[in-house]
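# Chain and residue survey
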Amino acid sequence: MICTQIEFAVSDLTAISAVLIAIAALIVSVSQVVLMRRHNQMSVKPQLEIYKDLFLESPISVTIKNNGLGTAILKSIKIHTGSKVVIFKDRASLHEMMSPRKGYGTIKSYLISKNTSLAAGETIEMFSLPDSENNEEVNKAFSEHVDKFRFIIEFESIYGIRYEFNDFHR
């Protein structure tokens, strides 16, 4: 076996060391950018919650609140009413959701379109029943109906990351 010895000049060792240090610096820089991007995405993550106000002393209402740090861009809202699934998008879907119950009085609603944005801390009232305040009969009937609703809300962050709020798991 022939063994040859390679001789390096000091300048060769300096050049090789510089290349290794540059590669190490590049790896550290890329990993820092990846970590910073992940941190930025997490720091603007929206967190939606559904609040059902079913008390006699105030009008019955259902609201969506963004408890996260970033804006939520709403993509779809599905409401499971027990026997059917209603996509909440217009007045017709609201009436379908309330049937077969009639006689609730006026139902006030906020129509939420696709790509509606909900800033951090912001609340949208999906619908309310102003006539239910201090009206025990209407309040009881409507609150029992609304309490059965289960919501699936699809939304995304400003980075385009999709999330889902699903109140079946509560």
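Before any of the text, the structure's been laid out above.
In this report, we go over the structure that sits alongside the text. These numbers were taken from a predicted model, which means no experiment stands behind them.

A tally of regular secondary structure across the protein chain gives 3 helices and 9 strands. Each helix (α) and strand (β) of the protein chain, taken in turn from the N terminus, gives the series α-β-β-β-β-α-β-β-β-α-β-β. Going through the 170 residues of the protein chain one by one, you find that 33% of them count as buried. Within the protein chain, residue pairs in contact and separated by at least 24 positions form 62% of the contacts whose partners lie at least 6 positions apart. Total accessible area on the protein chain is roughly 10,900 Å²; 58% of this is exposed by carbon and sulfur atoms.

Our next topic: the sheet that holds strand S1 (residues 48–53). Pairing is antiparallel in the open sheet, where 4 strands are placed in the order S1-S2-S7-S5. A single partner strand is all that each edge strand has here, and the edge strands are S1 and strand S5 (108–109). Sheet analysis places strand S2 (residues 60–66) next to strand S7 (residues 123–129), joined by 6 bridges and oriented antiparallel. The residue of S7 that forms the bridge with Ile-60 is Leu-129.

Among the 9 residues that make up strand S3 (residues 72–80), 7 are buried, leaving the element largely enclosed by the rest of the structure. Sheet topology note: the S3/strand S6 (residues 116–118) ladder contains 3 bridges and is antiparallel. For Ile-73, the partnering residue across the bridge sits in S6 and is Ser-117. Here S3 pairs with strand S8 (residues 150–156) via 7 bridges, running antiparallel. Considered in S8, the bridge of Leu-74 is made with Phe-155. Relative to strand S4 (residues 85–87), S3 runs antiparallel, the two being bridged by 3 bridges. When the bridges of S4 are listed, Ile-79 appears paired with Val-86. Hairpin connection of S3 to S4: 4 residues between the antiparallel strands, including Gly-82 at a positive phi of 105°.

About the thresholds
Throughout this document, residue positions are counted from 1 along each chain, in the order its sequence is written. Whole-chain, interface and lining totals are the exception, using all residues; otherwise, since this is a predicted model, local features are given only for residues with pLDDT of at least 70 and side-chain atom pairs are given and counted only at 80 or more. Excluding hydrogens and water, the side-chain values take into account all heavy atoms of the structure. Put simply, DSSP H or I for four residues or longer makes a helix, DSSP E for two residues or longer makes a strand, and each gets a number counted from the N terminus. When accessible area is computed with a 1.4 Å probe and restricted to protein chains, residues below 20% of their type maximum are described as buried, those above 50% as exposed, and intermediate ones as partly exposed. Should any heavy atoms of two residues lie within 4.5 Å, those residues are counted as being in contact. Here the Shrake-Rupley method, with its probe set to 1.4 Å, supplies the accessible areas, and only the displayed protein chains count as covering residues. Strand pairing is assigned whenever DSSP detects at least two bridges linking the two strands.

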